[in-house]
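Survey of secondary and tertiary structure
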Amino acid sequence: MDAAIEMENVCKAYGDFRLEDLSLQVPRGAITGFIGENGAGKTTTIKLMLNLIRRDSGLVRVLGEDSAGLTRDLKEHIGVVLDESCFPENLSAREVEQILRYMYRSWDGRRFRDLLKSLGLPEKKTIRDYSRGMKTKLTIAAAMSHDTRLLILDEPTSGLDPLVRDEILDLFMDFIQQEDRAVFLSSHVISDLEKACDYITLIHQGKLLFSSTKDDLLETYGIARLGQQDLENLNPALLMGIRKGSFGAEALVERRKIPAGVLMDPARLEDIMVYHVREARNR
C-alpha cells in the first residue's frame, strides 16, 4: 500500500536554519514517531506537509497528492492537532460541534459526541474552564470525527499527566486498526513513542539521521559498557556517541558488530536518539 506522506529531497531555509534534502515516508496502517531536539526542524517539517509554509525545493505528497495543492476533498481526510487548542475559549464543546459540522461534509456528530463521552469531556462547559489535558482531548476528538485517514500531531501529549497520555495513545492505536489510516506523531515524550509507534524517524539540525521500524532499532542497538581494555581492542568506528568516565566508557553500538565478552545493556529508544545526536554533533 502506498505511503500516506512522502517527502523527497525537501529543502527549506530560514535565516541560519536549513532543512536539507529531507526524504521520508509515513506508511499507512502504522504510527510513525518523529523525534529530535528543540530546533531540529520537526515543526517546520509538519508545516511543509500541510503547505502552511512553502518549500524551497523537493516534493511533498499527502495521501497521494502534492501538498502544494491540497483540495477541499483531500482535507476532509486529514486531521491536525498542534500543541495548543485552536478553538475560541468562550465556546463549549457543543458549540464547537455546531461549527465543525458545517466545515466538514463528512462530519460525524455521533462519533464526536461518543468521543467526548469516552474522554470525560462535558459538552456544555466552556473551553476556558477546561484543563490543558481536556483541551488536548477536545482537539483530538474533533480531528477524528470526520472521514479522517491521516492524523498529523505536533506535541499532543506534552505537559499532560501519564493517565491522559495513555488514553490518547490508545485512541491513536485504535485509529490505525484500519490499514488505510496513518498517524504522524511528533513528540518529546519518548516513552509514549516507545509504547505506541511502529516507525521512528529522527531529525537533527534539519537533516534525517535515521528512519526505521521501532523493533529494528531496539533489536539492532545496545549500550556497551567498556573498560580500558575494551577501548584499546575495539575499533573506534564501532562506537557511537561515546561517553567516557573515570573508570571506562559507554557507547551506542550495533550488537552484531561487537565481540562476545563486552558487557552490553539493552538500548531504549531515548538512548538511541541521544547517542545518535551526540555522534552527529561530534562530526
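Structure report, in brief.

**Quick word on the sheet that holds strand 2 (residues 17-26)**
Taken in spatial order, the 4 strands of this open sheet run 2-1-4-5, and their pairing is antiparallel. At either margin of the open sheet sits one strand with a lone partner, and together these are strand 2 and strand 5 (65-66). Bridge analysis of strand 4 (residues 57-62) against strand 5 gives 2 bridges, and the strand direction is antiparallel. Across the sheet, V62 pairs through a bridge with E65, a residue of strand 5. Against the sheet, helix 1 (residues 42-49) engages strand 1 (5-14), strand 2 and strand 4, with an angle of about 120° to strand 1.

**Section: the nonpolar core**
If you look at the biggest cluster of nonpolar residues, it comprises 53 residues, and the most contacted ones within it are L138, F172 and L185. With residues up to four places along the chain from it excluded, the contact list for F172 reads I31, I140, L151, L153, V183 and L185. Ranked by size, the runner-up nonpolar core spans 27 residues in total, among them V10, F17, V62 and L70.

**Re the packing of helix 5 (residues 132-143) against helix 6 (residues 162-175)**
Between helix 5 and helix 6, the least distance of the axes is 11 Å, while the angle of their chain directions is 10°. If you check the angle between helix 5 and helix 6, you find them roughly parallel. Contacts between helix 5 and helix 6 involve G133, T136, K137 and I140 on the former and, on the latter, V164, E167, I168, L171 and F172. Counted by class, the contact of helix 5 with helix 6 contains 5 nonpolar, 2 polar and 2 charged residues.

**Quick word on the packing of helix 4 (residues 109-118) against helix 5**
Running from amino to carboxyl end, helix 4 crosses helix 5 at an angle of 155°, the nearest separation of the two axes being 9 Å. Between helix 4 and helix 5, the interaxial angle falls into the category roughly antiparallel. With respect to the hand of their crossing, helix 4 and helix 5 are arranged in right-handed fashion. On helix 5, the residues touching F112, L115 and L116 of helix 4 are L138, A141 and A142. When grouped by side-chain class, the residues that make up the contact of helix 4 with helix 5 number 6 nonpolar, no polar and no charged.

**As for the pattern of salt bridges**
When charged atoms on two side chains of opposite charge get close, those side chains can pair. Inspection of every chain in the model, using the stated rule, returns 22 salt bridges. Among the salt bridges present, the one from E123 reaches R94, with a minimum N-O distance of 3.4 Å. In this pair, E123 sits in the loop between helix 4 and helix 5 while R94 sits in helix 3 (residues 93-103), placing the two residues 29 residues apart along the sequence. Classification of E123 as partly exposed rests on a relative accessible area of 25%. In the salt-bridge network here, residues are joined through shared partners; they are R225, R243, E250 and D265.

**Some details on the sheet that holds strand 13 (residues 248-254)**
Reading across from one edge, 12-13-11-14 is the order of the 4 strands in this open sheet, with antiparallel pairing throughout. The open sheet has two edge strands with one neighbour each: strand 12 (240-245) and strand 14 (263-266). Averaged over all adjacent pairs, the angle separating strand axes in this sheet is 25°, with direction ignored. Across 6 bridges, strand 11 (residues 221-226) lies against strand 13 in antiparallel orientation. If you follow G222 over to strand 13, its bridge partner there is V253. Packing against the sheet, helix 10 (residues 269-282) makes contact with strand 11, strand 12, strand 13 and strand 14, and its axis sits at approximately 90° to strand 12.

**Remarks on the pairing of strand 2**
Bridging between strand 1 and strand 2 involves 7 bridges; their strand directions are antiparallel. Across the sheet, M7 pairs through a bridge with L24, a residue of strand 2.

**Focus: the side chain of K12**
Residue placement: K12 occurs in strand 1. Judged by its relative accessible area of 12%, K12 is buried. Polar side-chain contacts of K12 include one of 2.8 Å to the backbone oxygen of R54. Not counting the four nearest positions on each side in its chain, K12 is found in contact with F17, R18, L19, T44, L48, I53, R54, R55 and D56.

Conventions and cut-offs
- Residues numbered from 1 in each chain as written.
- Predicted model: local features only at pLDDT ≥ 70, side-chain atom pairs only at ≥ 80, totals over all residues.
- Heavy atoms only, no water.
- Pairing = 2+ DSSP bridges.
- Helix = DSSP H or I, 4+ residues; strand = E, 2+ residues; numbered from the N terminus.
- Contact = heavy atoms within 4.5 Å.
- Axes fitted to C-alpha atoms, helices over the stretch in contact; angles between N-to-C directions.
- Core = buried A, V, L, I, M, F, W, Y, C linked by side-chain atoms within 4.5 Å.
- Buried < 20%, exposed > 50% of the residue type's maximum accessible area, 1.4 Å probe, protein only.
- Parallel < 35°, antiparallel > 145°, perpendicular 65-115°, else oblique.
- Nonpolar A, V, L, I, M, F, W, Y, C, P; charged D, E, K, R; others polar.
- Left-handed = near helix turned anticlockwise from the far one by under 90°.
- Salt bridge = Lys/Arg side-chain N within 4 Å of Asp/Glu carboxyl O.
- Polar contact = N/O pair within 3.5 Å; in protein donor to acceptor, adjacent residues only side chain to side chain.

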